[in-house]
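# A structural walkthrough
Each chain is listed here by its residues.
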Amino acid sequence: MPEEFLLKLKLIIKPQWKTAFLSAVIIGFLCHMFVFTNILPNHDSLVNVYSPQLKGSSGRFFLSPFSGISSYFDLPWINGTLSILYLALIAVIFIELFQLKKTFSIVAVSGLIVTFPTIASIFSYMFTADGYIFGSLLTMLALLTTKKYRYGFVPGSIIFYLGMGVYQANLPFLSTVIIIFLISEILGRKIPFQQLKSYVLRFLGLGAIGMSMYALNFKFYSTFFAGNITSYQGLDSVGESGGSIFERFKQVNDSFSFFFFRGFTTDSPINLFEWLNVAVFLLIAVGFVLLLIQNRIFTSIRMTLISLALLLLMPVSAYMLYFVSPDVVYHMLMVLGLVSFYMLPVLFYEHLTLPTMAAKTFSWLSVVIVFVSVFNFALISNISYLNMELKFEKSTAFVNRLISRVEQTEGVTAESKLALIGRVQLDSPLSTEDIPDNIPRMTGPLGQSIVPLPYHYSALMKNYFGVKYDFISEQERQKIAATVWFEEMEAWPSPNAVRVIDDVVVVKLWD
């Protein structure tokens, strides 16, 4: 009976799971409520108000079924709510994987998971957000299954294969979480070398089998279904060599430094984000040493060197896709694995037990810095959502003016086609300078316009204004753009920026 099932479920659920789940739900909704309760499309959202998310050409073979749980419509409240529930389950898996007991550790991990900037970037693509986050949930479930059972890597590899089929960035996410798990086990639980070897072999089995299944799926799709693999993010050049191995490491170093220390390494302002990152890395260094001393790990040179090597390997792990394809370009959607760096002080705090002054100081600093980081992540998320609202409002206001101008142009008929040539400039100091200078480079939320190309205009006009125009082809656009008379036209907003030629309404946007 359902009541008996619920009673048994209640007995199984640990108090730590409840704390993690509720913390993630509460913090998640407080952080992201604005984007859940407003329509804030970006350029991709305009053409995906309804989309089955068939992304086989991008290697995302299972994005469609998992996105379909919430329907294929762009429903911010439904997609957002499901996403928060998935993130809360990810938090529960983290707690179970690392066997966290302290309340601060549990709340901190949950808060980091639901507020990390990658989540806000994913939410800027709300039409597919729940599908992507479900892929991360599968990745964590695969890892937990592998850890808990001796042969758990077998079912775990299948689960991971499904997660990879949602988004390939789940590979660095998996590997980076594995590394902090091994560091935590060595320093915090003092596992022997044989236990470490067992974990490593199981995790290798998980990754090798899961990736082999994914590679076979990739090959099957391109061979038997004649599927064309997109060149986006170098997917069509996976496995090819491009430059030396040293160039790949330089890419890792540049991307890693830019994410954590942009203000220190570029001309960008130094924000709270960078200062907190400095504090986090200092905490990692201090906590590492404190655990080496507390648990006398330093007496085993082998385990000390292994833990140090794992720590140094984390940036390479987080950016490992640079070694998979020479054409990959990392962006915010792909770096969820970097949340592992913020997890380390929490894990060290969890395992520090001796009541020394150094341990107490470290614990209090960890509490303050991690919670301030969570709050700052929430600020970053909502500044991002502010920019999404601004560029949506600016874009719709401009398109409204454009439609009005076209309708009032003499010679326009119901059969007229539309030619938009050039890109609209809707820059403002707020969106061009102030917001980008104060938050990390957020893929999706940043920018000044959501209508960069003609098909974006078409989607916005049809879905938001109920106006349908046929647009000329790209070849026709290029032909018109090369004419003398177009060159002599004045650009928008001049009254002469719109002209009808052979029943084609030509609009010359700002250069």
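In case you missed it, the structure is sitting above this.
Description of the structure in this document. (Residues numbered from 1 in each chain as written. Predicted model: local features only at pLDDT ≥ 70, side-chain atom pairs only at ≥ 80, totals over all residues. Heavy atoms only, no water.)

## A few points about helix α13 (residues 272-294)
Keep this limit in mind: Put simply, DSSP H or I for four residues or longer makes a helix, DSSP E for two residues or longer makes a strand, and each gets a number counted from the N terminus. Residue count minus one, scaled by 1.5 Å, sets the expected span of a helix.
Taking 1.5 Å of rise per residue, 23 residues should cover 33 Å, and α13 covers 32 Å from first to last C-alpha, within 8% of that figure. The first or second residue beyond α13 is Arg296, which carries a positive phi of 55 degrees.

## Describing the pairing of strand β3 (residues 498-501)
Keep this limit in mind: Following DSSP output, two strands are said to pair if at least two bridges run between them.
As paired elements, β3 and strand β4 (residues 504-508) share four bridges and run antiparallel to each other. Bridged to Ile501 within β4 is Val504. Taking the residues between adjacent antiparallel strands as the criterion, β3 and β4 are bridged by two residues, where Asp502 takes a positive phi near 55 degrees.

## So, unusual backbone geometry
With an omega dihedral of 15 degrees, the bond running from Trp492 to Pro493 counts as a cis peptide bond. Note that Pro493 resides in the loop between α20 (484-487) and β3. Of note in this structure, Lys190 is not a glycine but carries a positive phi near 55 degrees. Checked against the element boundaries, Lys190 lands in the loop between α10 (170-189) and α11 (193-224). In the Ramachandran plot, Asp503 falls in the positive-phi region, its phi being about 65 degrees despite a non-glycine side chain. Structurally, Asp503 can be placed in the loop between β3 and β4.

## Observations concerning the side chain of Ser381
The criterion, for reference: Relative accessibility decides the category of a residue: with a 1.4 Å probe and only protein chains considered, values under 20% of the type maximum give buried, values over 50% give exposed, and everything between is partly exposed.
Along the chain, the position of Ser381 falls in helix α16 (residues 357-407). Accessibility expressed as a relative area gives 0% for Ser381, which makes it buried.

## Description of the packing of aromatic side chains
Heads up, the rule is: Pairing of aromatic rings covers Phe, Tyr and the six-membered ring of Trp, with a centre-to-centre limit of 6.5 Å; geometry is then stacked below 30 degrees between planes, edge-to-face above 60, and tilted otherwise. Working rule: Lys NZ or Arg CZ, within 6 Å of ring centre, within 35 degrees of ring normal, means a charge sits over the ring.
With the rule as written, the count across this model stands at 46 aromatic pairs. The interplanar angle of 55 degrees and the centroid separation of 4.6 Å between the aromatic rings of Tyr50 and Phe73 together place this pair among those described as tilted. Linking Tyr50 in the loop between α3 (43-46) and α4 (63-67) with Phe73 in the loop between α4 and α5 (76-98), this pair joins segments that are 23 residues apart in sequence. Between Phe261 and Phe281 the ring centres are 5.4 Å apart and the planes differ by 55 degrees, which places this aromatic pair in the tilted class. In this pair, Phe261 is assigned in helix α12 (residues 245-265) and Phe281 in helix α13, connecting sequence segments 20 residues apart. By way of ring pairs, the aromatic residues Phe116, Phe256, Phe259, Phe260, Phe261, Phe273, Phe281, Phe341, Tyr342 and Phe377 are connected into one cluster. Across the ring face of Trp492, the terminal group of Arg405 is positioned such that the distance to the ring centre comes to 4.2 Å. The ring of Phe486 has Lys508 sitting right over it, with the charged end atom 5.1 Å from the ring centre.

## Quick notes on the pattern of salt bridges
Close approach of charged atoms lets side chains of opposite charge pair. Quick note on the threshold: Should a side-chain nitrogen of Lys or Arg be within 4 Å of a carboxyl oxygen of Asp or Glu, the pair is scored as a salt bridge.
One pass over the structure, following the stated rule, counts six salt bridges. Glu96 is the salt-bridge partner of Lys148, the closest N and O atoms lying 3.4 Å from each other. Of the two residues, Lys148 is situated in helix α8 (residues 126-148) and Glu96 in helix α5; the sequence distance between them amounts to 52 residues. Its relative accessible area of 42% is what places Lys148 among the partly exposed residues. Overall, Glu96 belongs to the buried group, its relative accessible area being 8%.

## Digging into the environment of Leu338
Here is the rule: By definition, residues are in contact when any of their heavy atoms lie within 4.5 Å.
Mapped onto the secondary structure, Leu338 falls in the loop between α14 (301-318) and α15 (339-351). Beyond its immediate sequence surroundings of up to four residues, Leu338 is in contact with Phe116, Phe259, Phe260, Ala318 and Tyr319.

These values are about where atoms sit, not about what they do.
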